[in-house]
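Chain residues, written in single-letter form:
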Amino acid sequence: MDSTIALILLQDGVVNGAIYALLGLALVLVFAVTRVVFIPQGEFVTFGALTLAMLVDGKVPGTVWLLPIAGGVVLLMELFQAWRTGVWRGLPVTLLGCVALPWALVWLTPIVAQAQLPLAVNVLMTLALVVPLGPMLYRVAYQPLAEASVLVLLIVSVAVHFALMGLGLVFFGAEGWRTPAFLDGQVDLGVVTWSAQSLFVVATSAVFIVALWIFFGYTLYGRALRATAVNRRGARLVGISTTLSGRLTFTLAAFIGALSGMLIAPVTTVYYDTGFLIGLKGFVAAIIGGLASYPIAAAGALTVGILEAFASFWASAYKEVIVFTLIIPVLLWRSLSSHHSDDEE
């Protein structure tokens, strides 16, 4: 180990930490608003990366069929709810989002895949295929159990994780995929040379984190999510729909997951189950933040990334063990320093 190797490892740690920071923020957001420990966050990473890889390769990703299937299930649930309550005014929006959009994408995706369009177009198509799965997943799996205990919601998350991981194997197969870099070349920063792709990952993560800060602090919907996170019952009393908050939260989580997957796809080979391990490291960052603090979760993510990089040099066979062991003293400290409080509802 010398200074050159240490700087290279630090660079890798910062890049990985930037991705873990995004996932940690998504996990904190979902838990704060809906009380769901969103274990399937990593599957959105996988779906984003592999969908983009298949589009770049000129193939139609299997996720194109998941959207109309999930949309059909949501439509049936909304029709049943409308029939039971006699309220039909939300049906046109449901038809547009769950029928018209998915089938339009089924028609458009083969055209985009075969045309070999620029990478930016494939990125937008990937987001269009993956992000709508977030609110659909919330409607199918979590909204009916919105008032259940955290333990019940955790069990549901485990079930959803295994279902999505199995679908990932069906859609993408067992082989790994990579995508072209968003930016090529090297950037000399004096003491160390960074790849343009690494700087792009860090810069994109930083920009998106700032955009989230602006969204939560200065927009109506962002403040509604903050209010729901602070007090669900109070948010309902002042007219904020916790259902809408949940759907918006899962939409943001799906977007963050898909974006993270596309950012890491050029620098690592992604398999159908890769997202689970990446999501767990984001979960470690979220736990460091107590599933409540965004800045501490981001700092924890950088710690996880740097620790993983140096652990891969000193003891590569045990790097995952070392990273996940970090959660033990954090949980111990929080269990000793926090007071138990019952759920709000």
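Everything numeric in this text was worked out from a predicted model, so none of it was measured. (Residues numbered from 1 in each chain as written. Predicted model: local features only at pLDDT ≥ 70, side-chain atom pairs only at ≥ 80, totals over all residues. Heavy atoms only, no water.)

S.K.: How should I be thinking about the overall build of the chain in this particular structure?
M.R.: When you go through the chain residue by residue, the secondary structure sums to 15 helices and two strands. For a compact globule of 345 residues, the expected C-alpha radius of gyration is about 20 Å, and the chain comes in at 20 Å, within 12% of that figure. Its C-alpha atoms put the chain at 70 × 60 × 35 Å along the principal axes. A fraction of 77% describes how many contacts in the chain between residues 6 or more apart in sequence connect residues 24 or more apart. Accessible area for the chain stands at about 16,300 Å²; split by element, carbon and sulfur atoms hold 71% of it. Seen as two clouds, the 15 positive and the 16 negative side-chain charges of the chain have centres 13 Å apart. (Helix = DSSP H or I, 4+ residues; strand = E, 2+ residues; numbered from the N terminus. Rg over C-alpha atoms; globule rule 2.2 N^0.38 Å. Contact = heavy atoms within 4.5 Å. Areas by Shrake-Rupley, 256 points an atom, 1.4 Å probe, with all protein chains shown as cover. Lys, Arg positive; Asp, Glu negative; His and termini not counted. Charge placed at Lys NZ, Arg CZ, Asp CG, Glu CD.)

S.K.: Would you mind showing me how to read unusual backbone geometry here?
M.R.: Most peptide bonds take the trans configuration, and most residues that are not glycine carry a negative phi. With a phi close to 65 degrees, Arg35 is a non-glycine residue in the positive phi region. For Arg35, the location among the structural elements is in the loop between helix 1 (3-34) and helix 2 (41-56). Given the relative accessible area of 15%, Arg35 is considered buried. Phi is positive for Gln116, close to 55 degrees, though the residue is something other than glycine. Among the secondary structure elements, Gln116 is positioned in the loop between helix 4 (91-115) and helix 5 (119-130). (Buried < 20%, exposed > 50% of the residue type's maximum accessible area, 1.4 Å probe, protein only.)

S.K.: Can you walk me through the nonpolar core in this structure?
M.R.: Taken as a class, soluble globular proteins show a tendency for nonpolar side chains to be buried jointly. Counting 86 residues, the largest nonpolar core has Phe38, Leu137 and Tyr142 as the members making the most contacts within it. Tallying contributions element by element places helix 1 first for this core, with 13 residues. Setting aside anything within four residues of it in sequence, one finds Phe38 in contact with Leu27, Val30, Phe44, Leu137, Tyr142, Ser157, Phe250 and Ala253. (Core = buried A, V, L, I, M, F, W, Y, C linked by side-chain atoms within 4.5 Å.)

S.K.: Is there a simple way to explain the confidence of the model for the chain in this structure?
M.R.: Summary statistics for the chain give a mean pLDDT of 85 and a share of 96% for residues scoring 70 or more. Highest mean pLDDT in the chain belongs to helix 6 (residues 133-142) (92); lowest belongs to helix 15 (residues 327-337) (76). (pLDDT = per-residue confidence, 0-100.)

S.K.: Sorry if this is basic, but what is going on with the environment of Gln81 here?
M.R.: Assignment of secondary structure puts Gln81 in helix 3 (residues 63-85). Sequence separation between Gln81 and Ile256 is 175 residues; the distance between their C-alpha atoms is 30 Å.

S.K.: Explain the pattern of salt bridges here, please?
M.R.: Oppositely charged side chains can pair when the atoms bearing their charge come close. Following the criterion strictly, the structure yields six salt bridges and no others. Of the charged contacts, one joins Glu78 and Arg247 as a salt bridge, the two residues approaching to 3.1 Å between their closest N and O atoms. Residue Glu78 is found in helix 3, and its partner Arg247 is found in helix 11 (residues 242-264); the two are separated by 169 residues along the sequence. A relative accessible area of 27% places Arg247 in the partly exposed class. Here Arg232 ties to Glu147 by a salt bridge, and the two come within 3.5 Å at their closest N and O atoms. (Salt bridge = Lys/Arg side-chain N within 4 Å of Asp/Glu carboxyl O.)

S.K.: Hey, could you run me through a nonpolar patch on the surface in this one?
M.R.: Taken together, Trp65, Ile69, Val73, Leu95, Val99, Trp103 and Val140 make up a surface patch of nonpolar side chains, about 620 Å² in accessible area. Structurally, the position occupied by Trp103 is in helix 4. (Patch = residues over 30% accessible without salt bridge, like charges linked within 9 Å, V, L, I, M, F, W, Y side chains within 5 Å.)

S.K.: Is there a simple way to explain helix 11 in this structure?
M.R.: The periodicity of an α-helix, 3.6 residues per turn, causes residues three or four places apart in sequence to face the same way. A rise of 1.5 Å per residue sets the reference length of helix 11, with its 23 residues, at 33 Å; its end C-alpha atoms lie 33 Å apart and thus fit the reference within 8%. The buried fraction of helix 11 amounts to 17 of the 23 residues, a majority that puts the element mostly inside the structure. (Expected span 1.5 Å × (residues − 1).)

S.K.: What is the right way to read the side chain of Ser260 from this model?
M.R.: Structurally, Ser260 can be placed in helix 11. The exposure class of Ser260 is buried, given its relative accessible area of 0%. The contact partners of Ser260, leaving out residues within four places of it in the chain, are Ile19, Leu22, Leu23 and Val45.

S.K.: Looking at this structure, how should I read the packing of helix 12 (residues 274-288) against helix 13 (residues 294-314)?
M.R.: Each pair of packed helices gets described by two things: the angle between the helix axes and the distance between those axes. It is the contact of helix 12 with helix 13, at a shortest axis distance of 7 Å, that shows an interaxial angle of 135 degrees. Judged on the interaxial angle alone, helix 13 and helix 12 are oblique. Between helix 12 and helix 13 lies a crossing of right-handed hand. On helix 13, the residues touching Lys281, Val284, Ala285, Ala286 and Ile288 of helix 12 are Ile296, Ala297, Gly300, Ala301, Val304 and Glu308. Partitioned by chemical class, the residues of the contact of helix 12 with helix 13 number eight nonpolar, one polar and two charged. (Axes fitted to C-alpha atoms, helices over the stretch in contact; angles between N-to-C directions. Parallel < 35°, antiparallel > 145°, perpendicular 65-115°, else oblique. Left-handed = near helix turned anticlockwise from the far one by under 90°. Nonpolar A, V, L, I, M, F, W, Y, C, P; charged D, E, K, R; others polar.)

S.K.: Would you take a moment to explain the packing of aromatic side chains for this structure?
M.R.: Both the distance between ring centres and the angle between the ring planes are used here to describe each pair of aromatic rings. One pass over the structure, following the stated rule, counts 14 aromatic pairs. For the ring pair Phe38 and Phe44, a centre distance of 6.0 Å and an interplane angle of 35 degrees mean the geometry is tilted. Among the residues examined, Phe44 registers a relative accessible area of 3% and is labelled buried. Measuring from ring centre to ring centre gives 5.1 Å for Phe182 and Phe200, while their planes differ by 20 degrees; the resulting arrangement is stacked. With Phe182 in the loop between helix 7 (150-172) and strand 1 (186-188) and Phe200 in helix 8 (residues 196-218), this residue pair connects regions lying 18 residues apart in the sequence. On the basis of relative accessibility, which here comes to 24%, the residue Phe182 falls in the partly exposed class. Taken together, the ring pairs connect Phe38, Phe44, Tyr138, Tyr142 and Phe250 into an aromatic cluster. (Phe/Tyr/Trp six-rings, centres within 6.5 Å; stacked < 30°, edge-to-face > 60°.)

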